[in-house]
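# Structure at a glance
These are the residues of each chain, in order.
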Amino acid sequence: MSAGAFSDKAVIEASAKILCVFVDCDWGKKNNDLSEKFQVRGYPTVAFCDPDGNVVAKLQSRDPAAVAAQIADVVKQYGKAAFENFEKASVYAKESKKPVLYLFTKPGINSSLAAAVADPSLKELLELFVVAQSELIKGNADAKALSITDSALLVLDPAAELAKAKPLLKLTGKKDLKEVKKQLEAVLLKFTDGGGDK
């Protein structure tokens, strides 16, 4: 998936505004439930979902300009995009008095953390955070400042300077949905009870 249109700069920039979840179906040998839900008939299949997990479109073209335009259209029609870096997210988070949930993903690599964040059952909980997402690619200044080298989910106080920020929560590795939800609820309680700058 990281070749062709998906390695184009405009597509990479557009995809920073959506939550990308890669699911390995191993040609029908894995994740059959998701293959059925998203009506996968061939590989790769790219489905765009609304914040509730409903398919709203499937990729119509492999042309980089068309892919970037379709992503932009989906973002415009179906929901707020994740911020692409801590600086932008923290401005909005300070105004709304919310912590920043920052998801780092590796391009083309499945992440249980990304899948959890994309799960519709967490929608209401995630609305209590300001979400940022970026890929772990060369030159990612936020990943460097936070010493992130693998997929991770962080919760940060928006009042902190990124270079000095100590995460309120840091999840790495494989985590199930129930564990991610429990950890996010706990850190949110800590933040709203005075653990974070309001």
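Conventions adopted
- Numbers given for residues are sequential positions, taken from 1 along each chain in its written order.
- Predicted model: local features are reported for residues with pLDDT of at least 70 only, side-chain atom pairs are reported and counted for 80 or more only, and whole-chain, interface and lining totals are derived from all residues.
- Neither water nor hydrogens contribute to the side-chain values; these are computed over all heavy atoms in the structure.
- What makes a patch is a set of residues exposed beyond 30% relative accessible area and free of salt bridges, joined within 9 Å when like-charged and within 5 Å when nonpolar (Val, Leu, Ile, Met, Phe, Trp, Tyr).
- Using a 1.4 Å probe, accessible areas were evaluated by the Shrake-Rupley method; residue-level cover was limited to the displayed protein chains.
- The working definition used for a salt bridge is a side-chain nitrogen of Lys or Arg within 4 Å of a carboxyl oxygen of Asp or Glu.
- Secondary structure counts use DSSP, requiring at least four H or I residues in a row for a helix and at least two E residues in a row for a strand, with both numbered from the N terminus.
- Burial status follows relative accessibility: with a 1.4 Å probe on protein chains alone, a residue under 20% of its type maximum counts as buried, one over 50% as exposed, and anything between as partly exposed.
- The rule is short: rings of Phe, Tyr and Trp, with Trp giving its six-membered ring, pair when the centres are within 6.5 Å, and they are stacked under 30 degrees, edge-to-face over 60, tilted in between.
- Regarding the arc, it is the one traced by the directions from the helix axis to the C-beta atoms.
- It only takes one pair of heavy atoms within 4.5 Å for two residues to be counted as in contact.
- Grouping buried Ala, Val, Leu, Ile, Met, Phe, Trp, Tyr and Cys residues that are joined through side-chain atoms within 4.5 Å yields what is termed a nonpolar core.
- With a 1 Å grid spanning the protein atoms alone, the term cavity applies to any set of points in which a 1.4 Å probe fits but cannot get out, the term pocket to an open set with protein on both sides within 12 Å along at least five of seven lines, and the term lining residue to any residue with an atom within 4 Å of a point.
- Grid points are joined across faces, edges and corners, and a volume is the space filled by probe spheres set on the points.
- Residue polarity follows a fixed list, in which Ala, Val, Leu, Ile, Met, Phe, Trp, Tyr, Cys and Pro are nonpolar, Asp, Glu, Lys and Arg are charged, and the others, Gly among them, are polar.

### Here we look at a nonpolar patch on the surface
- Taken together, the side chains of Leu19, Val21 and Val23 make up a nonpolar region of the molecular surface, amounting to roughly 190 Å² of accessible area.
- Locating valine 21 in the fold gives a position in the loop between helix H1 (9-15) and helix H2 (32-37).
- Its relative accessible area of 35% is what places valine 21 among the partly exposed residues.

### A short note on the packing of aromatic side chains
- Under the criterion given, the structure shown has 2 aromatic pairs.
- On the numbers, 4.2 Å between centres and 20° between planes, the contact of tyrosine 102 with phenylalanine 104 is stacked. Just as tyrosine 102 is buried, phenylalanine 104 falls in that class too.

### Details of helix H4 (residues 86-96)
- Residues of H4 that are buried: Phe86, Ala89, Ser90 and Ala93. Seen from one end, H4 has its buried residues packed into an arc of 100°, which puts them on one side. More than 90 degrees from the buried face of H4, the exposed residues found are Glu87 and Glu95.
- On its buried side, H4 packs onto strand E3 (100-105), strand E4 (130-135), helix H7 (141-145) and strand E5 (152-156).
- Positive phi shows up at lysine 97, right after H4, with a value of about 55°.

### Structural notes on the nonpolar core
- Counting 18 residues, the largest nonpolar core has Leu101, Phe129, Leu153, Val155, Leu169, Val180 and Leu184 as the members making the most contacts within it.
- Contributions of two or more residues to this core are made by E3, helix H5 (112-118), helix H6 (123-126), E5, strand E6 (169-172) and helix H8 (177-195).
- Residues contacting valine 180, with those up to four places away along its chain left out, are Leu113, Ala116, Leu122, Leu153, Leu171 and Lys175.
- With 17 residues, the next largest nonpolar core counts Ala89, Leu146, Leu156 and Leu162 among its residues.

### Describing the pattern of salt bridges
- One pass over the full model with this rule turns up 3 salt bridges.
- One salt bridge in this structure joins glutamate 84 and lysine 88, with 2.7 Å as the shortest N-O distance.
- For glutamate 84, a relative accessible area of 33% gives the class partly exposed.
- Given a relative accessible area of 42%, lysine 88 falls into the partly exposed group.

### Let's talk about the layout of surface pockets
- The space that makes up the second largest pocket amounts to roughly 380 Å³.
- Lining of the second largest pocket is provided by 16 residues; of these, Glu84, Ser134, Glu135, Ile137 and Asn140 occupy positions nearest its centre.
- Those elements that place two or more of their residues in the lining of the second largest pocket are H1, E4 and H7.
- A breakdown of the residues in the lining of the second largest pocket according to their chemical character gives 5 nonpolar, 6 polar and 5 charged.

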